[in-house]
Amino acid sequence: MTDHEHDHDHTHGHDHDHGHDHGHDDPFHVHPTKELDIDDMDPANRSLAEALRISFGLLKWLVILLVVVFLSYGSYNEIKEGEVGIKLRFGAIVGDRLDTGVHLAWPEPIEKIVVVPTGVRTVELNEAFMFSMKDAEATLNYSEKSVMTDYPKIGRDRYLLTGDRNIVHGVWKVSFRIDPSQIRKFAINVGSTDQNESLRRTHSLVRQAAERAILHVVAQTSVEDFVQSQATGSASDKKSAGQIQRLTQQMLDELNTGITVSEVSNEAYLVRPMSLQTAFKSVSAAESAKKKDIENALKDKSDIMLKAAGEGYPKLLAVIRAYQAARALDDRAGAAEAKAQLNAMLTDKASMTAHGIGGEVYRVIREAQADQTNLVRRAAADLREFEAYYAQFGDDPQLRRITMQRLWYNTLNRVFEKDHEFYRLPGGDARYYIEVGPNTEKESEEEAERRARRIGEAG
């Protein structure tokens, strides 16, 4: 081997050994158990390591923040008044309904709280059974529309056939709500996780059920009954509207929708041809006038009876009628029983008050009772006075004559205290007759006071 080759080998070996020796100081080739020291790196590697450390730190906090936001977004759910909620876990319903308040849930897609409004909503059937209208006629009353002058056209107009094959049109309004107690049925068979879609489905179901119910009911009703049921009474009293409501509810219940129909009302109706419409309106007006007259007569009757006998007049009237019926049938036992009931009701102030007897009946009976009491008192006083006078004059004719004359003068004085009319009989009869009739003029204040005093003394 030449010196040059020797030198080359020596140099190569030296370089290899030198590199191997430095390998022990290279931070990227340290022993696995030796902790990495940034200070042992060269400046470039040290900057890279520092940047990576900071980046991993920021990423760690960013992940923590995202987890917190993720959990917070799904954990807070508020249900307001007039709403109910239901919780879904991986798409399946869990637990009972959720009422008003704050509820916790895991975020989607783990859990979701679906909120359903339960307030009253309406579906208006304005065009389902109505003829087509021109734009210029849209604001007119139905009776003013020119299209009503002819019969409906197939494919253009919508109408109903009654049970007696007459053609009618109608506009209905259906009020309904989602029953909170049946929210599971609604969620399973109707609802959607999107509230707007749930309401759209609900309106569509109610509309279809109501239209089928209207077709069914009108097809079994004569045109006269249809008009009468739509033109008179409140919505709850209308026969057809009640039948439509019940049939609509029955269809919705068969589908387990959880929807409750609260009211069906007819907003307008028309009969073809228009000549019939006018006739039916006249009949309806007459029925309304009749109903109003009956209501006024019943009200007048009630007012008169209240003034006559007070609030207890129905019971008093029933007993009087029972007494009259027993007398007409010659039922003495029944008449006696009814009379006893009347006496028990009208015996005194306490009994009349207990039975609600008032008005003129109360006043007349109280005055009669007061007059009876005062008459008995006056008769007793007269008897005592007569006995006193009789004891004085005894069998003495002269004393008896003087006493009788004094009593006569006293009686005349009492009679002449009031204004009366005197009449002299023809033929020169010197006797005077005093006609004391009922006072047809308004009772004076003094007489009214005396009457009140008599009633008070009678107790």
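Scroll up to find the structure.
Residues numbered from 1 in each chain as written. Predicted model: local features only at pLDDT ≥ 70, side-chain atom pairs only at ≥ 80, totals over all residues. Heavy atoms only, no water.

## Things to note about the pairing of strand 2 (residues 83–89)
By the criterion of burial, strand 2 is predominantly enclosed, with six of the seven residues buried. Relative to strand 5 (residues 111–117), strand 2 runs antiparallel, the two sharing seven bridges. Across the sheet, residue Gly 85 finds its bridge partner in strand 5, namely Val 115. Strand direction decides the pairing type here: strand 2 and strand 3 (residues 92–98), joined by four bridges, are antiparallel. Bridge assignment links Gly 85 to a residue of strand 3, and that residue is Leu 98. Counting the residues in the hairpin turn of strand 2 and strand 3 gives two residues, including Phe 90, whose phi is positive at 55 degrees. (Buried < 20%, exposed > 50% of the residue type's maximum accessible area, 1.4 Å probe, protein only. Helix = DSSP H or I, 4+ residues; strand = E, 2+ residues; numbered from the N terminus. Pairing = 2+ DSSP bridges.)

## Some remarks on the packing of helix 8 (residues 313–328) against helix 9 (residues 332–346)
Viewed as axis vectors pointing N to C, helix 8 and helix 9 meet at an angle of 155 degrees, and their least axial separation amounts to 8 Å. Here helix 9 runs roughly antiparallel to helix 8, going by the angle between their axes. For the pair helix 8 and helix 9, the sense of crossing is left-handed. Residues Lys 315, Leu 316, Val 319, Ile 320, Ala 322, Tyr 323, Ala 326 and Arg 327 of helix 8 form the contact with helix 9, whose participating residues are Gly 334, Ala 335, Ala 338, Lys 339, Gln 341, Leu 342, Met 345 and Leu 346. (Axes fitted to C-alpha atoms, helices over the stretch in contact; angles between N-to-C directions. Parallel < 35°, antiparallel > 145°, perpendicular 65-115°, else oblique. Left-handed = near helix turned anticlockwise from the far one by under 90°. Contact = heavy atoms within 4.5 Å.)

## Some points on the environment of Leu 205
Within the fold, Leu 205 resides in helix 4 (residues 195–219). On the basis of relative accessible area, Leu 205 is assigned to the partly exposed category, the value being 24%. Sequence separation between Leu 205 and Leu 252 is 47 residues, and the spatial gap between their C-alpha atoms is 7.8 Å.

## Some points on the packing of aromatic side chains
Any pair of aromatic rings gets described here by the distance separating the centres and the angle formed by the planes. Taken as a whole and assessed by the stated rule, the structure comprises two aromatic pairs. Ring centres of Phe 129 and Trp 172 lie 6.0 Å apart, and the angle between their planes is 90 degrees; this geometry places the pair in the edge-to-face category. On the criterion of sequence distance, the pair formed by Phe 129 in the loop between strand 6 (121–125) and strand 7 (160–161) and Trp 172 in strand 8 (residues 167–178) is long-range, its members being 43 residues apart. Among the residues examined, Phe 129 registers a relative accessible area of 4% and is labelled buried. Accessibility expressed as a relative area gives 1% for Trp 172, which makes it buried. Among the aromatic side chains, those forming a connected cluster through ring pairs are Phe 129, Trp 172 and Phe 226. (Phe/Tyr/Trp six-rings, centres within 6.5 Å; stacked < 30°, edge-to-face > 60°.)

## A few points about the pairing of strand 8
For strand 8, the tally of buried residues reaches ten of twelve residues, placing the bulk of the element in the interior. Here five bridges tie strand 6 to strand 8, and the two strands are oriented antiparallel to one another. By the bridge assignment, Val 123 is partnered in strand 8 with Val 174. Bridge count between strand 7 and strand 8: two bridges; the pairing is antiparallel. Paired with Leu 161 across the strands is Ile 167, a residue of strand 8.

## So, a nonpolar patch on the surface
Taken together, the side chains of Leu 48, Leu 52, Phe 56, Leu 59, Leu 62, Val 63 and Leu 65 make up a nonpolar region of the molecular surface, amounting to roughly 690 Å² of accessible area. With respect to the secondary-structure elements, Leu 62 resides in helix 2 (residues 43–75). Judged by its relative accessible area of 45%, Leu 62 falls in the partly exposed class. (Patch = residues over 30% accessible without salt bridge, like charges linked within 9 Å, V, L, I, M, F, W, Y side chains within 5 Å. Areas by Shrake-Rupley, 256 points an atom, 1.4 Å probe, with all protein chains shown as cover. Salt bridge = Lys/Arg side-chain N within 4 Å of Asp/Glu carboxyl O.)

## Things to note about the nonpolar core
Counting residues in each nonpolar core, the largest one holds 36 residues, and the members touching the most others are Trp 172 and Ile 214. Among the elements that make up this core, the one with the highest residue count is helix 4 (seven residues). Discounting residues that sit within four places of it in the chain, Ile 214 has contacts with Leu 125, Phe 129, Leu 160, Trp 172 and Ile 244. In this structure, Met 345, Met 352, Ile 357 and Ile 365 belong to the second largest nonpolar core, which totals nine residues. (Core = buried A, V, L, I, M, F, W, Y, C linked by side-chain atoms within 4.5 Å.)

## A word on the pattern of salt bridges
For the structure shown, the criterion picks out seven salt bridges. Across the salt bridge formed by Arg 201 and Glu 197, the nearest N and O atoms sit 3.1 Å from each other. Pair noted here: Arg 201 and Glu 197 are both in helix 4, with a separation of four residues, about one helical turn. For Arg 201, a relative accessible area of 32% puts it in the partly exposed group. A single salt-bridge network, built from bridges that share partners, covers Glu 197, Arg 200 and Arg 201.

## Thoughts on the packing of helix 4 against helix 6 (residues 239–254)
The contact between helix 4 and helix 6 brings their axes to 8 Å, and the two run at 130 degrees. Comparing the axis directions of helix 4 and helix 6 gives the class oblique. At the point where helix 4 passes helix 6, the crossing takes the right-handed sense. Here Leu 205, Val 206, Ala 209, Ala 210, Arg 212, Ala 213, Ile 214, His 216 and Val 217 of helix 4 come into contact with helix 6, specifically with Ser 240, Gln 243, Ile 244, Leu 247, Thr 248, Met 251 and Leu 252. For the contact of helix 4 with helix 6, the per-class residue count stands at eleven nonpolar, four polar and one charged. (Nonpolar A, V, L, I, M, F, W, Y, C, P; charged D, E, K, R; others polar.)

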